[in-house]
Amino acid sequence: MPADLIRIVSRDSPMALAQVERVRAELAALHPGIETTVLPVKTTGDKWMGDLSAVEGKGAFTKEVDAAILAGEADLAVHCVKDVPADRPLPAGTTFAAFLERDDIRDALVHPEGLTLDQLPPGTRIGTSSVRRIAQLAAAYPHLTCVPIRGNANSRLAKLEAGDADALLLAVAGLHRIGRADAISEIISADTLMPPIGAGTLALQCREDDTELIDTVSALGHPDSHRETLAERMLLHVLQGHCNSPIAGYARAERGGDLSLRASVFTPDGKVVLNAHEWAGRLDPATLGTSVAVALLRQGAREVIDSIPH
């Protein structure tokens, strides 16, 4: 393989491939002499339309991608951080080389008539299979009904049009990536609907012994997004949250360098909500993530998480 060729592996969904194109464009701008090829793979999570806990949880979206890296079939993987499990380490022999500048972390409501969450009448069917969204809607909008809907964003939009739901909740960043920002009825505040850990951030993963590639792509990394992501993933690691755990949170790096982390743990019905929010100044992001997780554990987060089947 030529030294100036990088083989990129990714899920084969339209959104995942759009994310790869962003990486290819940024690489081309930084290193004009490097060529890239794409290896699309269909993951277990993309093929399975049932409960993710039956197929390794979030790892179902990364297993085949990890395998291609470890087998030497590809050099670089592009992941949505929110889809990469944090309750266990990355596969041995791999590492994150960079976290790209973060996109919008918020969720969007998609409603055919352009209504907002506050305008939806009782009984409106909200299409989502996210336990995080379901728990928060149950807590704040108990008059709305969640109906399960899986698949990539394009297929969910098609299911909405077919009448499988009255409205959808989807990631703002994802809708922009597939060119469907026009479908957004309302961008929901992160204080109203807290995002998943790693929302809006793309990670570049490669073999940890491929130092030349790490040097090549690390310049794509964004320092603030890196700090935010490390804090969030440490929070999730300490909590040992699984794919059925309604855990939400986001870190924010301020212009002056201070870092904060806000997080919540919910019961699936939204009747119990545990909250924590801390500022770390310039402390190590992992220390902040650990501290916020401990604050939640002191409130009973372990019991809440362990009580949920997975």
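Residues numbered from 1 in each chain as written. Predicted model: local features only at pLDDT ≥ 70, side-chain atom pairs only at ≥ 80, totals over all residues. Heavy atoms only, no water.

## Quick look at the side chain of Glu228
Here Glu228 lies in helix H8 (residues 223–239). Among the polar contacts made by the side chain of Glu228, one reaches the side chain of Arg102 at a distance of 3.2 Å. Setting aside chain neighbours within four positions, we find Glu228 in contact with Arg102, Ala251, Arg252, Ala253 and Leu259. (Helix = DSSP H or I, 4+ residues; strand = E, 2+ residues; numbered from the N terminus. Polar contact = N/O pair within 3.5 Å; in protein donor to acceptor, adjacent residues only side chain to side chain. Contact = heavy atoms within 4.5 Å.)

## Here's the deal with the sheet that holds strand S12 (residues 259–266)
A sheet is described by the order of its strands in space; here 3 strands give the open sequence S11-S12-S13, paired in antiparallel fashion. Either end of the sheet is taken by a strand with one partner, and the two such strands are strand S11 (247–253) and strand S13 (273–279). The sheet shows a mean angle of 5 degrees between the axes of neighbouring strands, taken without regard to direction. Each of S11, S12 and S13 touches helix H4 (residues 131–140); the most contacted strand, S11, lies at about 95 degrees to it. This element, helix H9 (residues 285–298), spans S12 and S13 of the sheet and lies at about 150 degrees to S13. (Pairing = 2+ DSSP bridges. Axes fitted to C-alpha atoms, helices over the stretch in contact; angles between N-to-C directions.)

## What about the packing of aromatic side chains?
All chains considered together, the criterion is met by 1 aromatic pair. Ring geometry for Phe96 and Phe99: centres 5.1 Å apart, planes at 55 degrees, overall tilted. For the pair Phe96 and Phe99, one class covers both residues: buried. (Phe/Tyr/Trp six-rings, centres within 6.5 Å; stacked < 30°, edge-to-face > 60°. Buried < 20%, exposed > 50% of the residue type's maximum accessible area, 1.4 Å probe, protein only.)

## With respect to unusual backbone geometry
Glycine aside, negative phi is the norm for most residues, and most peptide bonds take the trans geometry. A positive phi angle is found at Gln240, which is not glycine, with a value near 55 degrees. Among the structural elements, Gln240 can be located in the loop between H8 and S11. Since its relative accessible area comes to 37%, Gln240 is described here as partly exposed.

## Considerations on the pairing of S13
Inspection of the sheet shows S12 paired to S13 by 7 bridges, in the antiparallel sense. Looking at S13, one finds that Leu261 is bridged to Glu278. Taken together, S12 and the strand that follows it, S13, pair antiparallel across an intervening segment of 6 residues, in which Gly270 is found at a positive phi of about 75 degrees.

## As for the nonpolar core
Grouped together as the largest cluster of nonpolar side chains are 24 residues, with contacts concentrated most on Leu235, Leu239, Leu261, Val265, Leu288, Val292 and Leu296. Breaking this core down by element, the ones donating at least two residues are H8, S11, S12, S13, H9 and helix H10 (301–306). No other element matches H9, which puts 5 residues into this core. One finds Ile6, Ala98, Leu204 and Val217 within the second-largest nonpolar core, a separate group that totals 17 residues. (Core = buried A, V, L, I, M, F, W, Y, C linked by side-chain atoms within 4.5 Å.)

## Concerning the pattern of salt bridges
With the rule as written, the count across this model stands at 17 salt bridges. A salt bridge links Arg177 to Asp103; the nearest nitrogen and oxygen atoms lie 2.9 Å apart. Residue Arg177 is located in helix H6 (residues 172–177), and its partner Asp103 is located in the loop between strand S4 (94–99) and strand S5 (107–110); the two are separated by 74 residues in the primary sequence. Connected through shared salt-bridge partners, Arg22, Glu26, Asp103 and Arg177 make up one network. (Salt bridge = Lys/Arg side-chain N within 4 Å of Asp/Glu carboxyl O.)

## A word on the pairing of strand S3 (residues 76–80)
For S3, a buried count of 5 out of 5 residues is recorded, marking the element as mostly surrounded by other parts of the structure. Neither face of S3 is open: one carries Leu76, Val78 and Cys80, the other Ala77 and His79, and all of them are buried. Strand direction decides the pairing type here: strand S1 (residues 5–11) and S3, joined by 2 bridges, are parallel. Bridging across to S3, Val9 finds its partner in Ala77. In this structure, S3 lies alongside strand S10 (residues 202–207), joined through 5 bridges in antiparallel fashion. Considered in S10, the bridge of His79 is made with Ala203.

## A closer look at the environment of Pro91
Mapped onto the elements, Pro91 comes out in the loop between S3 and S4. A C-alpha to C-alpha distance of 28 Å links Pro91 and His31, two positions 60 residues apart in sequence. If we skip the residues at most four places from it in the chain, Pro91 touches Asp66, Leu70 and Gln205.

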